[in-house]
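Summary of structural features
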Amino acid sequence: MAQVKKRGGRGDRSPLGTWFWDIDRMLLLLTLFLIAIGLIAVAAASPATAVRYSGDKHKIAPLYYFWRQLMWVGVSLPVLFGVSMLPVVQARRLAVSGAIFFFGLLALTPLIGVEKNGAKRWLEFGISQVQPSEFLKPLFIVTVAWLLSLKAKDRELPTVLITGGMTGMIAVVLMLQPDFGQTVIFCAVWMALLMIAGTPMRVLVGLTAMVPAGLVAAYLFYGTARARIDAFLFPSVEGEGAADHFQVDAAHRTLTSGGWTGTGPGAGSAKFGLPEAHTDYIFSVIGEEFGLIACSVVALVFLAIVVRVFVKLLDEQDEFKLLAAAGLATQFGAQALVSMAVNTGLAPSKGMTLPFISYGGSSMIALSIGMGLLLAFTRRNPFLTRSPYVVRWSGE
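Keep in mind that this is a model prediction, so the values were computed, not measured. (Residues numbered from 1 in each chain as written. Predicted model: local features only at pLDDT ≥ 70, side-chain atom pairs only at ≥ 80, totals over all residues. Heavy atoms only, no water.)

Some words on the packing of helix 6 (residues 132-149) against helix 7 (residues 159-176)
Between helix 6 and helix 7, the least distance of the axes is 10 Å, while the angle of their chain directions is 170 degrees. For the element pair helix 6 / helix 7, the angle class is roughly antiparallel. Contact with helix 6, carried on its side by S133, L136, F140, T143, V144, L147 and L148, involves T159, I162, T163, M166, T167, I170 and L174 of helix 7 and no other residues of that element. Of the residues belonging to the contact of helix 6 with helix 7, the class tally is nine nonpolar, five polar and no charged. (Axes fitted to C-alpha atoms, helices over the stretch in contact; angles between N-to-C directions. Helix = DSSP H or I, 4+ residues; strand = E, 2+ residues; numbered from the N terminus. Parallel < 35°, antiparallel > 145°, perpendicular 65-115°, else oblique. Contact = heavy atoms within 4.5 Å. Nonpolar A, V, L, I, M, F, W, Y, C, P; charged D, E, K, R; others polar.)

Following this line, the structure appears as structure tokens:
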């Protein structure tokens, strides 16, 4: 009976009990809350997408995308919990080996990838398609964090050059797809990690000075980026950019059509004019059917997750865990910010999904891996810092 009573309490030192008491339960709760919001949002957007992709000979059920998203959530949650239970060393090894594997898949994507809307970002695997860049993001971040943390052991190690070379190779492959939005995220997170790692200011200033040059080069030599920037800056532009401007206008119109409280679940009509209502523009669907107040709540949840992580890292002593967790939180927040900015008309169209809310198997599983790693790196054992003395408990 004594052993049974210990189960589930703070004295439970079983693997599951240890995980439960060491994990950041608030961070986990906020993540699960986002996933629940995502299921509701996909259910609201699914009828519009089903109508858009149905034809005379092929009819898609109104809730088809909702049921598929529910399936992906069922696959992703065990991944999230499983990765979050890994010890730090095993989590790091998983990330480094996974980064190598998915970079290989990413390199193959421009060659043998499936083309959608003029871009090759997916690889076909039987009954499903995989977007390697989604999986590579969290694994790349942890790998860069590990390499930067090695600087503390060897000050002569050229970590900026090594990680910069890695980022550059990924950026080149992404631009071949093309995928300008993901390129921006990879480069931005790399820069953020360099700043957190204490890279000399002269190096950071030099890299920052290259940003305008990179944007100008993208505008001059990357047609898709030029069309989207023109459509954003010059609303009356015609040609390729007109379609992007239409998307941004449609998203903003849908977002604001529900007012503060929304039209109610399933009552929205503007969403039927949205392209990719279930993925890129799902934030606008939330605005129409649940109101701007609901949109504010979603934005605050994303903010709470990022702030929670950085506050928790204020007293972190392990440099690798600090960099890895900070990088993962930065990537998570940056992706959410870009997606919401596009939906509100504050940024040109980029094809960026809203984390844990937009529809997609690759996105959901990759985000679960990333959040699982984040939970693993922010785990704390309260008994380790309670006393300056080391106590070995007998368990009796």
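A short note on the pairing of strand 2 (residues 119-125)
Every regular strand shows the same layout, with side chains that alternate between the two sheet faces. Bridge analysis of strand 1 (residues 114-116) against strand 2 gives three bridges, and the strand direction is antiparallel. If you follow V114 over to strand 2, its bridge partner there is W122. When strand 2 meets strand 3 (residues 128-130), the two strands line up antiparallel, connected through three bridges. Looking at the pairing, F125 lines up with S128 of strand 3. (Pairing = 2+ DSSP bridges.)

A few points about a nonpolar patch on the surface
Nonpolar side chains collect at one region of the surface, where L300, L303, V307, V311 and L314 lie side by side and expose about 510 Å² of accessible area between them. Along the chain, L314 turns up in the loop between helix 12 (282-312) and helix 13 (319-343). (Patch = residues over 30% accessible without salt bridge, like charges linked within 9 Å, V, L, I, M, F, W, Y side chains within 5 Å. Areas by Shrake-Rupley, 256 points an atom, 1.4 Å probe, with all protein chains shown as cover. Salt bridge = Lys/Arg side-chain N within 4 Å of Asp/Glu carboxyl O.)

What about the sheet that holds strand 2?
Taken in spatial order, the three strands make up an open sheet running 1-2-3, and their pairing is antiparallel. A single partner strand is all that each edge strand has here, and the edge strands are strand 1 and strand 3. Each adjacent strand pair in this sheet contributes to an overall mean axis angle of 45 degrees, direction not counted.

Comments concerning unusual backbone geometry
Of note, the amide linkage connecting Q177 to P178 takes the cis form, showing an omega dihedral of -5 degrees. Within the secondary structure, P178 sits in the loop between helix 7 and helix 8 (180-196). Unusually for a residue other than glycine, E276 sits at a positive phi of about 55 degrees. Looking at where E276 falls in the secondary structure, it is placed in the loop between helix 11 (240-256) and helix 12. For F356, which is not glycine, the phi torsion reads 65 degrees and is therefore positive.

Details of helix 13
The periodicity of an α-helix, 3.6 residues per turn, causes residues three or four positions apart to be oriented the same way. Between its first and last C-alpha atoms helix 13 spans 36 Å; for 25 residues at 1.5 Å apiece the expected length is 36 Å, and the two agree. Most of helix 13 sits inside the fold, with 20 of its 25 residues counted as buried. For helix 13, the capping residue at the N-terminal end is D318, with a side-chain oxygen 2.9 Å from the backbone nitrogen of F320. Trailing helix 13 by a residue or two, G345 shows a phi angle of about 85 degrees, which is positive. (Expected span 1.5 Å × (residues − 1). Buried < 20%, exposed > 50% of the residue type's maximum accessible area, 1.4 Å probe, protein only. Polar contact = N/O pair within 3.5 Å; in protein donor to acceptor, adjacent residues only side chain to side chain.)

Quick look at the nonpolar core
Counting residues in each nonpolar core, the largest one holds 99 residues, and the members touching the most others are F302, F356, I357, M371, L373 and F377. With residues up to four places along the chain from it excluded, the contact list for F377 reads V88, A91, R92, V142, F320, K321, A324, A325 and L328. (Core = buried A, V, L, I, M, F, W, Y, C linked by side-chain atoms within 4.5 Å.)

Some points on helix 3 (residues 25-53)
Its 29 residues give helix 3 an end-to-end C-alpha distance of 40 Å, which sits within 8% of 42 Å, the value for a rise of 1.5 Å per residue. Its maximal kink placed at A45, helix 3 deviates by approximately 35 degrees, while the proline P47 follows within four residues. (Bend = angle between axes of the 7 residues up to and from the residue.)

A look at the environment of T163
Here T163 shows up in helix 7. The exposure class of T163 is buried, given its relative accessible area of 0%. Separated by 23 residues in sequence, T163 and F140 have C-alpha atoms that sit 9.7 Å apart. With sequence-adjacent residues up to four places away left out, T163 is seen in contact with V144, L147, L148, W190 and L194. Looking at T163, its side chain comes within polar contact range of the main-chain oxygen of T159, at 2.7 Å.

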